[in-house]
Amino acid sequence: MLPPIKSDRIITHLPKCFSAKAALQTKEVFHPQVQAACQTHDKDGMSFNVAKVIVVGDVSVGKTCLVSRFCRGAFDKNYKATIGVDFDTERFQVLGVPFSMQLWDTAGQERFKCIASTYYRGAQAIIVVFDLSRGSSLAHARQWLEDAMKENDPSSVLLFLVGTKKDLSTPEQLTYVEQEAVRMSDEIRAEFWAVSAKSGDGVRDFFLRVAALTFEANVLSELEKSGPRNAAGVIKITSGSEDERKRAKRKPDCC
Ligand code: GTP
Ligand code: MG
């Protein structure tokens, strides 16, 4: 049996965006249809609702540290390149409904890109990470997004642009980079966040927001497909996700 969901993974209100200037939405409550569906869902007959979230971006921008800070509350100052892809699952409860987020942390190194890109397909959310203290990584964000989008349906994917290593920048540097990032978020229709995996600043708020928005999008999409009576209880598991997980643990042989 699964352990109970941790208290800091229980979402009862729509978490706030980081900046209203670069938000996917600025409303403060869940969509009324989603609230209604969650209130009436059959808790006993309920299955897990699962979303696939992929994390992409330049080498060493801090993708693995970002995920580790959230999933394990840890930070490693020593760099260890991700080989291919790493996988974590985080369990939440959103409006009383169990919800899991599969986090696919992909490699930024060019030589592992071919294997990492095989895991892009079927994402409900894409997190493009850049290093706030390295401008070139923001410039490359668009290319990462384009590559990830080739494998996904642009109309149904939520995009997040996340600047990491906030602790390394002065307030003046941050103001400048954040302006650039807000501009890019607007162009690529992503929600912008600035965080630090080292201090933990913004990391939990960010992932709760990702969980809440992907959950809301999933329920709305199910409502559209199957009608309000069934929507809250629908299982949404990315096809082949178990196989993908097994493959992720294998050594890459194509690069
Ligand atoms: P690849 O797996 O090769 O694509 O790299 P990555 O994007 O996963 O980078 P990783 O998370 O491994 O971090 C790279 C380096 O940046 C490590 O030395 C981390 O300790 C450091 N780092 C990551 N996040 C932060 C942060 O928020 N602040 C500071 N100061 N350092 C960070
Ligand atoms: Mg990594």
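Cut-off values and rules
For every chain, the first residue of its written sequence is number 1, and the numbers climb from 1 along that sequence. Each chain takes a letter, starting from A, and each ligand takes a number, starting from 1, following the order in which they are written. Whole-chain, interface and lining totals are the exception, using all residues; otherwise, since this is a predicted model, local features are given only for residues with pLDDT of at least 70 and side-chain atom pairs are given and counted only at 80 or more. Side-chain measures here rest on the full set of heavy atoms in the structure, leaving out hydrogens and waters. To be near a molecule or strand, a residue needs just one of its heavy atoms within 4 Å of it. Identification of polar contacts relies on pairs of N or O atoms within 3.5 Å, with a donor-acceptor requirement for protein atoms, meaning one able to donate a hydrogen and the other able to accept it, and with residues adjacent in sequence counted only if both atoms are side-chain atoms. To measure how exposed things are, a 1.4 Å probe is used in the Shrake-Rupley method; for residues, cover is taken only from the protein chains shown. Gly counts as polar in this scheme, as do all residues outside two lists: the nonpolar Ala, Val, Leu, Ile, Met, Phe, Trp, Tyr, Cys and Pro, and the charged Asp, Glu, Lys and Arg. In this text, helices come from DSSP runs of H or I with a minimum length of four residues, and strands from runs of E with a minimum of two, each type numbered from the N-terminal end. The length a helix should cover is 1.5 Å for every residue beyond the first. Exposed residues in this analysis have more than 50% of their type's maximum accessible area, buried residues have under 20%, and partly exposed residues fall in between, with area computed by a 1.4 Å probe over protein chains only. In what follows, residue pairs with any heavy atoms lying within 4.5 Å of each other are defined as contacts. The pairing test for Phe, Tyr and Trp rings, Trp by its six-membered ring, is centres within 6.5 Å, and the orientation test on the planes gives stacked under 30 degrees, edge-to-face over 60, and tilted for anything in between. Pairs of strands are assigned from DSSP output, requiring at least two bridges between the strands. The axes are straight lines fitted to the C-alpha atoms, using for helices just the contacting stretch, and the angles between their N-to-C directions are given from 0 to 180°. Think of the donor list as every N, O and S atom within 2.8 Å of the metal, or within 3.2 Å for Na, K and Ca; water never makes the list, so a site can look incomplete.

1. Topic: the site of ligand 1
Taken together, 24 residues lie around ligand 1, and Lys63, Asp76, Tyr79, Gly108 and Asp167 are the ones closest in. For ligand 1, an oxygen atom lies 2.7 Å from a polar atom in the backbone of Gly108. When the free accessible area of ligand 1 is taken as 650 Å², the share hidden by the protein chains comes to 93%. Here the residues of the shell around ligand 1 are counted per class, giving nine nonpolar, seven polar and eight charged.

2. Side note on helix α6 (residues 171–188)
Between its first and last C-alpha atoms α6 spans 25 Å; for 18 residues at 1.5 Å apiece the expected length is 26 Å, and the two agree. Listed as buried for α6 are Leu174, Val177, Ala181, Val182, Met184, Ser185 and Ile188. The secondary structure elements touched by the buried residues of α6 are β5 (125–131), α4 (135–139), α5 (141–150), β6 (158–164) and β7 (191–194). Taken from the residues just after α6, Arg189 is the one with a positive phi, measuring 60°.

3. Observations concerning the packing of aromatic side chains
Here the distance between the centres and the angle between the planes together describe a pair of aromatic rings. The full count for this structure, using the stated rule, is 11 aromatic pairs. Plain terms: the ring middles of Phe18 and Trp193 are 5.6 Å apart, the flat faces sit at 35° to each other, and that makes the pair tilted. Residue Phe18 is found in the loop between β1 (10–11) and α1 (32–40), and its partner Trp193 is found in strand β7; the two are separated by 175 residues along the sequence. You can call Trp193 buried: its relative accessible area is 3%. Consider the rings of Phe87 and Trp104, whose centres lie 4.5 Å apart with planes at 65°: the pair is edge-to-face.

4. What about the sheet that holds β5?
The strand order across the open sheet formed by seven strands is β1-β3-β4-β2-β5-β6-β7, and the pairing between neighbours is mixed. On the outer flanks of this sheet lie β1 and β7, each paired with one strand and no other. Two elements, β5 and β6, share seven bridges in a ladder whose sense is parallel. In the sheet register, Ala125 faces β6, and the bridge partner there is Leu158. Packed on one face of the sheet, helix α7 (residues 203–226) meets β1, β2 (49–57), β3 (85–94), β4 (97–106), β5, β6 and β7 and runs near 115° to β4.

5. Section: the coordination of the magnesium ion (ligand 2)
Within the protein, Thr64 (OG1) and Thr82 (OG1) serve as the donor atoms for the magnesium ion (ligand 2), at 2.0 Å. Of the two residues, Thr64 sits in helix α2 (residues 63–72) while Thr82 sits in the loop between α2 and β3, which places them 18 residues apart along the sequence. What makes Thr64 partly exposed here is its relative accessible area of 28%. Relative accessible area serves as the criterion here: at 10%, Thr82 is assigned to the buried category.

6. What to know about the pairing of β5
Burial analysis of β5 places seven of its seven residues in the buried class, the great majority of the element. Residues of β5 alternate between two faces, with Ala125, Ile127, Val129 and Asp131 on one and Ile126, Val128 and Phe130 on the opposite face, all of them buried. Two strands pair when backbone bridges link them, and β2 and β5 are joined in this way by five bridges, in the parallel orientation. In the sheet register, Val56 faces β5, and the bridge partner there is Val128.

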